[in-house]
Amino acid sequence: MQRIRVIYTGGTIGMLPSSDGYAPAPDYLQQQLQNLYPNLSVLEYSPLLDSSEMTPALWNRIAADIAADYDDYDGFVVLHGTDTMAYTAAALSYMLENLGKPVVVTGSQIPWCEPGNDAVEHVAAALALASMPGFCEVAVVFAGLCLRGNRVRKVDCDGMAAFASPNLPALGRWAAGRWAMSVSMPKRASPNEPFRLQPVAENARIVAAKLAPGFSAEWLASAMSGLDGVVLETFGAGNAGSQPALMAALAQQSLVVNCTPCLQGSVKMGRYAVSGSLAAMGVLDGADMTPEAALAKLYYAQAKGANRRDRAEIFINPLYGDRTG
């Protein structure tokens with residue numbers, strides 16, 4: 001194993017039973033890891049976090065901790081709760097610019113303390129991937145799969161195969177203690193530019209909204225007033241219906257992204273007449289991006305772009321394999 005830095009943020013993987021259910025247990029997982037891997041360097045957060053407590057400010061903290069140790073380690077493993085893992089993995093893929101080393105995010109459905117857990121195997125797979133020379137991106141490792149960090153979604157809250165990247169094949173598969181990387185998904189080349197940390201705009205006013213039959217365009221228009229960005233999950237391939245109030249509200253936003261609510265497929269604004277007005281209003285086409293990646297990229301663009309035009313250009317251009325075309 002190469003020199004690997006583990007950043008343990010919390011999550012199910014290191015929880016212990018309590019009178020109120022599973023809860024984060026300081027020092028427990030760190031000790032288990034160092035018993036199994038004596039020379040492993042582990043940074044444990046205090047307090048440990050439940051996945052639902054993750055915020056853009058904590059994305060900045062994780063990315064800053066990686067950047068601070070970037071020259072001292074060959075790879076990084078981030079142990080994280082599963083509920084918001086897709087958001088964090090996407091955010092890290094943008095923030096760690098010109099990444100020349102593996103950054104692997106993983107967790108578990110069953111805590112390390114329980115028999116038959118998936119935690120031990122996930123850590124072994126993550127450490128192996130983080131030790132792989134030439135693997136230069138953020139990935140999620142779960143249930144024997146290596147998935148691109150900005151393409152992943154949590155698709156099962158009960159089963160062991162909790163994550164998938166529906167619009168992109170897996171980068172590799174873990175079996176018999178080793179990785180078999182996909183030949184159809186070649187590794188990204190090492191960057192020519194030096195590594196750089198780009199924090200996200202953690203205080204940006206960015207929200208996600210999902211349309212449903214019977215929604216009130218007037219309420220949505222007032223609720224979205226004054227925001228920096230909106231990830232709008234519309235219907236099917238990007239349809240929102242004929243809603244003048246909604247159109248007016250969208251036009252007032254800094255950046256609005258049209259995402260499909262479907263696991264697979266892509267937004268195609270203009271295919272139907274009811275989506276043509278969205279494009280005319282300047283709504284950004286989310287293509288086949290995940291809503292999680294779209295949200296993280298809005299926070300990134302808000303920090304990096306000097307004005308609305310720059311931020312829109314940053315968002316719409318494919319970055320680190322986050323969208324097709």
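Above this text sits the structure in question.
Remember, it's a predicted structure, so these values are computed and weren't measured experimentally.

J.: Can you explain unusual backbone geometry? Please cite residues and give values.
T.: Going from S46 to P47, the amide bond is cis rather than trans, its omega being 0°. Checked against the element boundaries, P47 lands in strand β4 (residues 41-49). One non-glycine residue with positive phi stands out, namely Y320, at about 55°. Note that Y320 resides in the segment after α9 (308-316).

J.: Tell me what's going on with the pairing of strand β9 (residues 145-148), and back it up with residues and numbers.
T.: Regular strands have side chains that alternate between both faces of the sheet. Burial along β9 is two-sided: L145 and L147 and C146 and R148, pointing in opposite directions, are all buried. Sheet analysis places strand β8 (residues 138-142) next to β9, joined by four bridges and oriented antiparallel. Paired with V140 across the two strands is L147, which belongs to β9. Between the end of β8 and the start of β9, which pair antiparallel, lie two residues, with A143 showing a positive phi angle near 50°. Relative to strand β12 (residues 172-175), β9 runs antiparallel, the two sharing two bridges. Bridge pairing in β12 places C146 opposite G172.

Cut-offs applied
Going along each chain's sequence as written, the residues are numbered from 1 onward. Two thresholds apply to this predicted model, a pLDDT of at least 70 for residue-level local features and 80 or more for giving and counting side-chain atom pairs, whereas whole-chain, interface and lining totals are computed over all residues. Processing note: side-chain calculations cover all non-hydrogen atoms of the structure and skip hydrogens and water entirely. In this description a helix means any DSSP run of H or I spanning at least four residues, a strand means any run of E spanning at least two, and both kinds are numbered starting from the N terminus. Each residue gets one of three labels from its accessible area relative to the maximum for its type: buried under 20%, exposed over 50%, partly exposed in between, using a 1.4 Å probe on protein chains only. Two strands are counted as paired when DSSP detects at least two bridges linking them.

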